[in-house]
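# Fold and geometry: a report
The residues making up each chain are set out below.
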Amino acid sequence: MLRFFFLALGVVLLLGAWETGHRLYGELVLPGVFETAQMFVHMVGEGRVWPALVLTAGNASSGWIVGVGVGLVAGGFAGLREGVRLTLQPIFIIFLGIPAIAWIVLALLWFGGHWAVVFTVAVATGPIIYGATVQGVRSLDRDLASMARAFRAPLSAMVLDVYGPHLLNHLFPALAATLAMSWKVSVMAELLTGSGGIGDGLATARARVDSAEIMAWIVVVVCVLVLVDRLMLNPLQRRLEMWRDDDGKVTMS
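If you look the protein chain up in an unreviewed UniProt entry, it shows as ABC transporter permease from Cohaesibacter celericrescens.

## What to know about the overall build of the protein chain
Regarding its fold elements, the protein chain presents 10 helices and zero strands. Listed N to C, the secondary structure of the protein chain is α-α-α-α-α-α-α-α-α-α in terms of helices and strands. Excluding contacts between residues fewer than 6 apart, the proportion of contacts in the protein chain whose partners are at least 24 apart in sequence is 70%. Summing over all exposed atoms, the protein chain offers an accessible surface of approximately 14,600 Å²; the carbon and sulfur share of this is 71%.

## Quick look at the packing of helix α4 (residues 82–97) against helix α6 (residues 113–138)
The interhelical angle for the contact between α4 and α6, taken along N-to-C directions, is 145°, at an axis separation of 10 Å. The two elements α4 and α6 cross, and the hand of that crossing is left-handed. Contacts between α4 and α6 involve Glu82, Arg85, Leu88, Gln89, Phe92, Phe95 and Leu96 from the former and Val123, Pro127, Ile128, Tyr130, Gly131, Val134 and Arg138 from the latter. Here the residues of the contact of α4 with α6 are counted per class, giving nine nonpolar, two polar and three charged.

## Overview of the environment of tryptophan 50
Topologically, tryptophan 50 is positioned in helix α3 (residues 49–80). Judged by relative accessible area, which is 63%, tryptophan 50 ranks as exposed. Expressed as a C-alpha distance, the spacing of tryptophan 50 and valine 220, which sit 170 residues apart in the sequence, is 9.9 Å.

Conventions and cut-offs
- Residues numbered from 1 in each chain as written.
- Predicted model: local features only at pLDDT ≥ 70, side-chain atom pairs only at ≥ 80, totals over all residues.
- Heavy atoms only, no water.
- Helix = DSSP H or I, 4+ residues; strand = E, 2+ residues; numbered from the N terminus.
- Contact = heavy atoms within 4.5 Å.
- Areas by Shrake-Rupley, 256 points an atom, 1.4 Å probe, with all protein chains shown as cover.
- Axes fitted to C-alpha atoms, helices over the stretch in contact; angles between N-to-C directions.
- Left-handed = near helix turned anticlockwise from the far one by under 90°.
- Nonpolar A, V, L, I, M, F, W, Y, C, P; charged D, E, K, R; others polar.
- Buried < 20%, exposed > 50% of the residue type's maximum accessible area, 1.4 Å probe, protein only.

Written out as structure tokens, the structure reads:
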């Protein structure tokens, strides 16, 4: 009950600050909560929200899956082989340092449209997954793995009970962060490429100087991220915590 109270208090404070800013600076700079809610309902009634949401979800998830796949494979090899890690290290640093906006400009020249968005999301999230994977593989408890092999543990047990929990312990924060990042990068890329989705809706609202519609699209993105966190990330985190002992160490189930 106390936890719910503090969560509700945070929401109330945020909405209060929002409404205060609206009253201080006016609707053009910051539309009010009520005006934004009205616009959101209007957009839903017109059938604009769901198609844009589906398109952005497809762009974000496609790019995220590619980035995670490349990051896991490259990071796994780099964690196991020192030569591979040293070879990929400067590439990893360069890719990590290039801002997403620069990738969008290049992707527009190389691909354009939908694929520019997918590429930008993948190249923005991949290096983060790569770094987490390298650290997870390099910090693997070799004694635990050796003991499991000595007892002739089957491959499924090695993956699910030895390697899996340990790697997921390192990967989960990166997976959660890049999943949220994939939506942000996708919206930004769509805004600049005009390839549809929520970003294209934001671009149209900006062209009309319709701040209430801009805020309504922002609310859509925030609601999606909250739902993903509550319905997917939190259950996965609880599952991960079941693999820990009282000292916070990963154990075999």
